[in-house]
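Structure at a glance
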Amino acid sequence: MSVQTLLLDFSIDPARVGDESGQKTVFGQLETILKEYVPNLILAADIKIDGGSLKLLTGKKGTTVSVRLFDRGLVTVNIEYYKEDTEEPLINFKSARLLEGQLKKYITFIKSQAYAPIKRCLFSRYYPTSDERLLEYDIDEVLFDEQSPFQRVQIVHSKSLGNMLVLDDLQNISEADLIYTETLMQRGRENYEGKEIVILGGGDGALLYELLKEKPKFVWMLEIDETVMRACHAHLRAICGDVLAARKAHNYEIIVEDCMLTVNKFIKENKKVDYIFGDLTDIPISESACGELWEFMTTILHAAFQILRPSGKFMTHGNGATSRKSLELYEQELEKLKPPVAFTKSKAFVPSFLEDWIFYQISFKSTDNGDA
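Because the structure is a prediction, the values reported are computed rather than measured. (Residues numbered from 1 in each chain as written. Predicted model: local features only at pLDDT ≥ 70, side-chain atom pairs only at ≥ 80, totals over all residues. Heavy atoms only, no water.)

Spatial strand order, E10-E11-E12-E13: four strands in an open sheet with antiparallel pairing. At either end of the open sheet lies a strand with only one pairing partner, and these are strand E10 (139–147) and strand E13 (170–174). Neighbour to neighbour, the strand axes of the sheet diverge by 25 degrees on average, direction disregarded. Here strand E11 (residues 152–158) runs beside strand E12 (residues 162–167); their pairing, made up of six bridges, is antiparallel. Across the sheet, glutamine 154 pairs through a bridge with valine 166, a residue of E12. Along the sheet face, helix H5 (residues 226–235) touches E10, E11 and E12 and points at about 145 degrees away from the line of E10. (Pairing = 2+ DSSP bridges. Helix = DSSP H or I, 4+ residues; strand = E, 2+ residues; numbered from the N terminus. Axes fitted to C-alpha atoms, helices over the stretch in contact; angles between N-to-C directions. Contact = heavy atoms within 4.5 Å.)

Let us look at the packing of aromatic side chains. This structure, assessed with the given rule, holds 13 aromatic pairs. Seen in terms of ring centroids, tyrosine 180 and phenylalanine 353 are 5.8 Å apart; in terms of plane orientation they differ by 75 degrees. Their pairing is edge-to-face. Taken together, the residues tyrosine 180 in helix H3 (residues 178–185) and phenylalanine 353 in the loop between strand E20 (341–350) and strand E21 (355–364) connect sequence positions 173 residues apart. The class of tyrosine 180 is buried, set by a relative accessible area of 7%. Judged by centre distance (5.3 Å) and plane angle (80 degrees), the rings of tryptophan 220 and phenylalanine 266 are edge-to-face. Taken as a pair, tryptophan 220 in strand E15 (residues 218–223) and phenylalanine 266 in helix H7 (residues 259–268) lie far apart in primary sequence, 46 residues in all. By the burial criterion, tryptophan 220 is buried, and phenylalanine 266 matches it. Each residue in the set Tyr180, Phe353, Trp357 and Phe359 is aromatic and connected to the rest through ring pairs, giving one cluster. Note that lysine 55 overlies the ring of phenylalanine 27, its terminal NZ or CZ placed 5.6 Å from the centroid. Over the ring of phenylalanine 70 we find arginine 68; its NZ or CZ atom is 3.9 Å from the centre of that ring. (Phe/Tyr/Trp six-rings, centres within 6.5 Å; stacked < 30°, edge-to-face > 60°. Buried < 20%, exposed > 50% of the residue type's maximum accessible area, 1.4 Å probe, protein only. Lys NZ or Arg CZ within 6 Å of the ring centre and 35° of its normal.)

Moving on, we get to H7. Among the residues making up H7, those that are buried are Cys259, Met260, Thr262, Val263 and Phe266. Burial along H7 is one-sided: seen end-on, the buried residues are contained in an arc of 160 degrees. The elements touched by buried residues of H7 are strand E14 (196–201), E15, strand E17 (252–256) and helix H8 (292–304). The N-cap of H7, judged by a side-chain oxygen 3.0 Å from the amide nitrogen of methionine 260 a few residues on, is aspartate 258. Directly beyond the C-terminal end of H7, a positive phi value near 55 degrees is found at asparagine 270. (Arc of directions from axis to C-beta. Polar contact = N/O pair within 3.5 Å; in protein donor to acceptor, adjacent residues only side chain to side chain.)

Turning our attention to the packing of H7 against H8. Two elements in contact, H7 and H8, have axes whose closest approach is 10 Å; the angle formed by their N-to-C orientations is 30 degrees. Comparing their axes, H8 and H7 come out roughly parallel. Between H7 and H8 lies a crossing whose hand is left-handed. Residues Cys259, Met260, Val263 and Ile267 of H7 form the contact with H8, whose own contacting residues are Thr299, Ile300 and Ala303. (Parallel < 35°, antiparallel > 145°, perpendicular 65-115°, else oblique. Left-handed = near helix turned anticlockwise from the far one by under 90°.)

What follows is the structure, given as structure tokens:
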């Protein structure tokens, strides 16, 4: 079940809607055509507002239609109605395009645009890209939905992507996203056999699951949110296997607490590891490298390099390839690190993100790669 919202936009000669009389004439023409698509349509309110007028209409089964006429030559039509899953749509995209064409021909609009129906319900089908474009997903079921002490945790099912982890209404990883994990760990380019590894975050278990296939000596996974692990163990076994079932095994340990507690413990013990994975928050989208998230990210970087062996690497995900400003800011922060570091970048198209994503491989800058 959902509320269906259809949007149509039109441009018109401003002279035709420049006053109340002209707006009334154009609306009358619109109303005539709309009644062919929305049964029992009647005018419920006619409101004069700054810059134009607003007409509200109601129709069959509580359908509402709002027509906004701007005296600058813009007309918007919003049609909204409730639809059960088993019901045929009152107006689908095909009929909306027919309506658009009929209105354009009958009223002689200059330009017009009809949009596919927006499906609004108690769970989201729409998630943003890194540069805040809205994407519609083929979500047909919510398998898990719980508010943890840290975030809202959901597992939803997509017809094309399989089960998908969503945190605070942002898509994180799906069953179709092995490329994300393999690019993060640079599979085939890095040798993890016999190495000691720390994962900062990684609550979905996918990175730990794939790393253990590479025969490391030991992996510490530092995840703060028990709810994420519980949800993924129950519904994302295709990407995490059984690694979240036990908190400790002969070659790994999952420590459920703020990752900085363990990192600081390692610093005090002068513990060094071969690889550290930053699988926490993405690089913040902002115009400057300031604020709580940037502070957290730089704190993690400074601490991580204190427990990294001279030949080790810090591996992390960045953000969408279109978020160039934020990526540049992150690289500027890397250039400030002491001791100095060098970095390389990789790019991969992540299916559940529906965009290219940037990943970083960061190491101490050294001529022989053996002395930090």
